[in-house]
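Overview (structure and organization)
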Amino acid sequence: MKKSLIALAFGTFALGMAEFVMMSILPYVAQSMQCSIPEAGHLISTYAIGVCVGAPSVVLVARKRPLHQILLGLIVIYLTGNLLMASCSDLHLGVLFRFISGLPHGAYFGVGSIVADRLAPRGKSTSAIAIMCSGMTVANLIGIPAGTWLSDMVSWRVIFLFNGAWGILTFILLYRLVPRMEPLPNTGLKGQFRFLKSAAPWLIMATTTFGNGGIFCWYSYISPLMNRIAGFAPSEITMLMVLAGGSMCVGNLLGGKLADRYTPGKTILGVQAIMILGLLTTFFLASYPGIAVLMLCICTACLFGVSAPQQLLLLRFSKGGEMMGAALVQVAFNLGNAVGAYCGGLPVTYGLPYNYPALVGAGFVVIGVISTAMFCKKYKKENFMA
């Protein structure tokens, strides 16, 4: 089981690199493609669009195939998009290649969650999914800082060549270490969406979009917050990002263990309460460097502390459309990312200091808490809510 989960984690590391590294290398890409930084920002947006389009599309097309084959196909799409991006010198083609790179993201998490759930011993499903998701947190801890350094020292194209090579390695590991599994029962096209008639998946997706989106309200502007409010030098920001990545790793694994012990719903509710306290503390006390760093660690740990529980809950409440349900968590996560970044930037646009995105984020998480509380109350006797 552990070897299979590590192989799955190699895939989530690849996806984490592809999604987040563009944020840190945008100036290099803009200069190379002879466009402005806001124009190059479309390369971030189109990846997110690819995630939202690809998650349901891939599931619908490939739902009849064995799970092992679907994972391999998704990795092939990933490495193709990244290798094309490595040779790209035109913004319009770059937008297309980033869209292709994003297509397998949500579906991989969806299929991978089902595989991890099947491999896990009884009562350890959330921990197994957390191990699978750990690749993305390691990407934030090691991959993104290393990618930024390589862009500065060599070229941003090296990162996408690395992504392509990592995709080949991941393909080999998945082929050799993940056992062959039969396809999910074919419930037909309508059957894939039948679970959406229940309120449960909508509440879980609202929890994911608003709860996680609240963190992205603040985290999207973490560099200017730490520089202009907390007083850290620009040269110190990279080390702070490494610290944030380490907190994500800890939060992800801890969230999985807590969910197995106390149920996913209760874990999400408790972690989101900590999110609100962390964001409000940041708003009021970010001018104190020590407190700003402590809140950075707590809030980033909370962001991934709810990841595996959310993934498992939607998997459990999407009977007949498990693959679609698990993939939709990533759609909700990326939607929260996009909406949170936009709304968090509004107070800054109107001239307010960079601690105000944290206040907007706290409001977002309150909506997430309400959604989670409604879910726990309505479904406390079902599945993991007993």
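Before going into details, it helps to say that this report is about the structure given with it.

The rules we used
Residues numbered from 1 in each chain as written. Predicted model: local features only at pLDDT ≥ 70, side-chain atom pairs only at ≥ 80, totals over all residues. Heavy atoms only, no water. Helix = DSSP H or I, 4+ residues; strand = E, 2+ residues; numbered from the N terminus. Rg over C-alpha atoms; globule rule 2.2 N^0.38 Å. Contact = heavy atoms within 4.5 Å. Lys, Arg positive; Asp, Glu negative; His and termini not counted. Charge placed at Lys NZ, Arg CZ, Asp CG, Glu CD. Axes fitted to C-alpha atoms, helices over the stretch in contact; angles between N-to-C directions. Parallel < 35°, antiparallel > 145°, perpendicular 65-115°, else oblique. Nonpolar A, V, L, I, M, F, W, Y, C, P; charged D, E, K, R; others polar. Disulfide = S-S within 2.5 Å. Buried < 20%, exposed > 50% of the residue type's maximum accessible area, 1.4 Å probe, protein only. Phe/Tyr/Trp six-rings, centres within 6.5 Å; stacked < 30°, edge-to-face > 60°. Expected span 1.5 Å × (residues − 1). Core = buried A, V, L, I, M, F, W, Y, C linked by side-chain atoms within 4.5 Å.

**Points about the overall build of the protein chain**
- Counting its regular elements, the protein chain contains 16 helices and zero strands.
- In terms of C-alpha radius of gyration, the protein chain reaches 20 Å, essentially the compact-globule figure of 21 Å for 386 residues.
- In terms of principal-axis extent, the alpha carbons of the protein chain reach across some 55 × 50 × 35 Å.
- Pairs at least 24 residues apart make up 86% of the contacts formed inside the protein chain by residues separated by at least 6 positions.
- Computing the positive centroid from 25 side-chain charges and the negative centroid from 10, the protein chain places the two 13 Å apart.

**Describing the packing of helix H5 (residues 91–119) against helix H14 (residues 307–316)**
- As a packed pair, H5 and H14 sit with axes 11 Å apart at the nearest point and diverge in direction by 85°. Classified by the angle between their axes, H5 and H14 sit roughly perpendicular to one another. Facing Phe109, Gly110, Ser113, Ile114 and Asp117 of H5, the residues of H14 in contact are Gln311, Leu312, Leu315 and Arg316.
- Its residues placed into classes, the contact of H5 with H14 shows four nonpolar, three polar and two charged.

**Examining the state of the cysteines**
- Tallying each qualifying case throughout the model produces zero disulfides.
- Note on cysteine 249: no disulfide assigned, nearest cysteine sulfur contributed by cysteine 133 at a separation of 12 Å.
- The thiol sulfur of cysteine 299 is not disulfide-bonded, and the nearest other cysteine sulfur, from cysteine 302, lies at 6.2 Å.
- For cysteine 299, a relative accessible area of 0% gives the class buried.

**Things to note about the packing of aromatic side chains**
- Counted according to the given criterion, the structure contains 13 aromatic pairs.
- Centroid distance phenylalanine 216 to phenylalanine 333: 5.5 Å. Interplanar angle 85°. Geometry classified as edge-to-face. Here the residue phenylalanine 216 occupies a position in helix H9 (residues 199–219), and phenylalanine 333 occupies one in helix H15 (residues 322–349), the gap between them amounting to 117 residues. You'll find phenylalanine 216 and phenylalanine 333 in the same group, each marked buried.

**Side note on helix H16 (residues 356–378)**
- When the terminal C-alpha atoms of H16 are compared, their 34 Å separation across 23 residues agrees well with the 33 Å that a helix rising 1.5 Å per residue should span.
- Every buried residue belonging to H16 is among Pro357, Ala358, Gly361, Ala362, Phe364, Val365, Gly368, Ser371, Thr372, Phe375 and Cys376, and all of these are buried.
- Check the buried side of H16 and you find it contacts H9, helix H12 (264–285), H14 and H15.

**Side note on the nonpolar core**
- Core analysis: the biggest nonpolar cluster contains 119 residues, and Leu8, Met33, Leu174, Trp218, Tyr219, Met226 and Phe375 have the highest contact counts within it.
- In contact with methionine 226, other than residues within four places in its own chain, are Gly231, Phe232, Ile237, Leu240, Ala292, Val293 and Leu296.

**Section: unusual backbone geometry**
- The residue glutamine 34 is not glycine, and still its phi comes out positive at about 55°.
- With respect to the helices, strands and loops of the structure, glutamine 34 is situated in the loop between helix H1 (2–32) and helix H2 (37–40).
- The class for glutamine 34 is exposed, based on a relative accessible area of 76%.

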